[in-house]
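Commentary on secondary and tertiary structure
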Amino acid sequence: MEHYKVIGEMDGTLQCYYICETETLEMVLEPSRYLMHKTMSNKSPNTVRRNAYSLAAYLEYLRIEDKTADQVIAMDYEEQSSHFVQFLHWLKDGNHRETEEHKIPNNGTCNAYLKDVFRFYLFMEMQGRYESLKVLYYDSFTTLNSAGAKRRLRYRAFKGYLKEEERKVRAAEQNEILTLLKACTNCRDQLLILLAAETGYRIGEILGIDYTKDIDFKNHTIRIYFRDDNENGARAKNAEYRRAKVSKETFEFLMYYLAEYRKLLQSQQLLFINIAGDDAGKALDVDAVYSMFRRMEHKTGIKVTPHMLRRYFAVMRRKAGWRLEMISEALGHKHLETTIKYLNIVDDELLEASDAYYAKHSALYNVQQLL
């Protein structure tokens, strides 16, 4: 039985998380205080929830190793390094969750858990509670600010992270989307798939669309804004504003959806709602969306996720001739490198582009005259 449990509760419009001991139900104060700090810093509920599970796993590991955070701080460099590396391997073995499937996490997930733990230690250091961790060293990188000036940012890093596997997520294909649309049993699910494919929005962004404010009925565009008070916890990532235009046919289908569920939609303002059961009329959440996609996979044999639809958007825009910068802006990426990874621009494509370039510009340097 796990000794620590993550509890989530609503405090007004805030989704708060804390960690308690399973047997006594007493709150573990310092990690819970850190989680409240993250919540009050306007981090998304999903981020804080992940932080909570990371810290709960680490507390479990400390209990098994019969150690405290104070003892970890007092360790020398090599002891600390060994401690955190062993924590990574403990996670990799799947010991952090007691489930029947015993799913083994990938290296990226394990590293993300440890990064959350390091952030907790750094927070406690800033509070004057702990000394600095000896295993974290300063590194830096150069970036550009909004005015185009170079900035050097410093951060603390750890040399013992597991080597992360390359994330291989393919884009959904058009025939797969058509099959899913036919397999849907209601127009809500069909509209959700269509908007994901035509806007490139993240699923959290789509679920945060306010049909009373975010739909431009004249120009057929849908806007997304950062909000922290959505009933379903959905938020626009990076606090960004964007808008996307959808096709005339999809916009007409949106109008059909609004008319079909007019009575249920009147109880709140978010576009996507539960349409049956005790929660009918309440805002649809992320878990319900992923459950729908799993049902579609079981029904059709086709595995498609919201993220695959987002990649489909990127690939189709690239084929249509959009510049990388435009695609990156539409996706809400902070870095162009992320967009390039989405599009799977690989070495073979670069070589083909080089061949085409030199075929048109073969005599750039008059090399023949040098022979």
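Within each chain, residues carry numbers counting from 1 in the order of the written sequence. A pLDDT threshold of at least 70 governs which residues receive local features in this predicted model, and a stricter bar of 80 or more applies before side-chain atom pairs are shown or counted, although totals over entire chains, interfaces and linings include all residues. Here the side-chain values reflect all heavy atoms present in the structure, with hydrogen atoms and water set aside.

1. Brief notes about the sheet that holds strand E6 (residues 221–224)
At least two DSSP bridges between two strands are needed for those strands to be called paired. A helix here means a DSSP run of H or I that spans at least four residues, while a strand means a run of E at least two residues long, and both kinds are numbered starting from the N terminus. The strand order across the open sheet built from 3 strands is E5-E6-E7, with neighbouring strands paired in antiparallel fashion. Taken across any chain shown, the strands that pair with only one partner, and hence form the sheet edges, are strand E5 (215–216) and strand E7 (242–245). Sheet topology note: the E6/E7 ladder contains 4 bridges and is antiparallel. Looking at the pairing, Thr-221 lines up with Lys-245 of E7.

2. What to know about the packing of helix H1 (residues 29–40) against helix H2 (residues 45–64)
Think of each axis as a best-fit line through the C-alpha atoms, taken over the contacting stretch in the case of a helix, with angles from 0 to 180 degrees between the N-to-C directions. Between H1 and H2, whose axes approach to 10 Å, the crossing angle comes to 165°. Judged by the angle between their axes, H1 and H2 are roughly antiparallel. The way H1 lies across H2 gives a crossing that is right-handed. Where H1 approaches H2, its residues Pro-31, Tyr-34, Leu-35, Lys-38 and Thr-39 are matched on the opposing element by Val-48, Asn-51, Ala-52, Leu-55 and Leu-59. The residue inventory of the contact of H1 with H2, partitioned by class, reads 7 nonpolar, 2 polar and 1 charged. Every angle not falling under 35 degrees, over 145, or within 65 to 115 is termed oblique; those three ranges are roughly parallel, roughly antiparallel and roughly perpendicular. Left-handed is the label given to a crossing in which the near helix is rotated counterclockwise from the far helix by less than a right angle, and right-handed is the label when the rotation is clockwise. Note on contacts: a residue pair is in contact if any heavy atoms of the two residues lie within 4.5 Å. In this classification, the charged set is Asp, Glu, Lys and Arg, the nonpolar set is Ala, Val, Leu, Ile, Met, Phe, Trp, Tyr, Cys and Pro, and all remaining amino acids, among them Gly, are polar.

3. Brief notes about the pairing of E6
Because side chains alternate across E6, one face comprises the buried residues Thr-221 and Arg-223, and the other comprises Ile-222 and Ile-224, equally buried. Where E5 meets E6, 2 bridges bridge the pair, whose relative direction is antiparallel. The residue bridging Asp-216 from the neighbouring strand is Thr-221, located in E6. Hairpin connection of E5 to E6: 4 residues between the antiparallel strands, including His-220 at a positive phi of 60°. With a 1.4 Å probe rolled over the protein chains alone, any residue whose accessible area is under 20% of its type maximum counts as buried; one over 50% counts as exposed, and the rest are partly exposed.

4. A word on the pairing of strand E1 (residues 4–11)
The side chains of a regular strand alternate, first on one face of the sheet and then on the other. Here E1 pairs with strand E2 (residues 14–21) via 8 bridges, running antiparallel. Looking at the pairing, Lys-5 lines up with Cys-20 of E2. Taking the residues between adjacent antiparallel strands as the criterion, E1 and E2 are bridged by 2 residues, where Gly-12 takes a positive phi near 70°.

5. Looking at helix H4 (residues 77–92)
Multiplying one less than the number of residues by 1.5 Å gives the expected span of a helix. Taking 1.5 Å per residue, 16 residues should reach 22 Å; H4 reaches 23 Å between its end C-alpha atoms and fits that length. Lining the buried residues of H4 we find H2, helix H3 (69–74) and helix H5 (107–126). Where H4 begins, the side chain of Asp-76 points an oxygen toward the backbone nitrogen of Glu-78, at a separation of 3.3 Å. At the exit of H4 stands Gly-94, carrying a positive phi of roughly 80°. In the analysis that follows, any N or O atom pair within 3.5 Å is treated as a polar contact, provided that within protein one partner can donate a hydrogen and the other can accept it, and provided that, for residues neighboring in sequence, both atoms belong to side chains.

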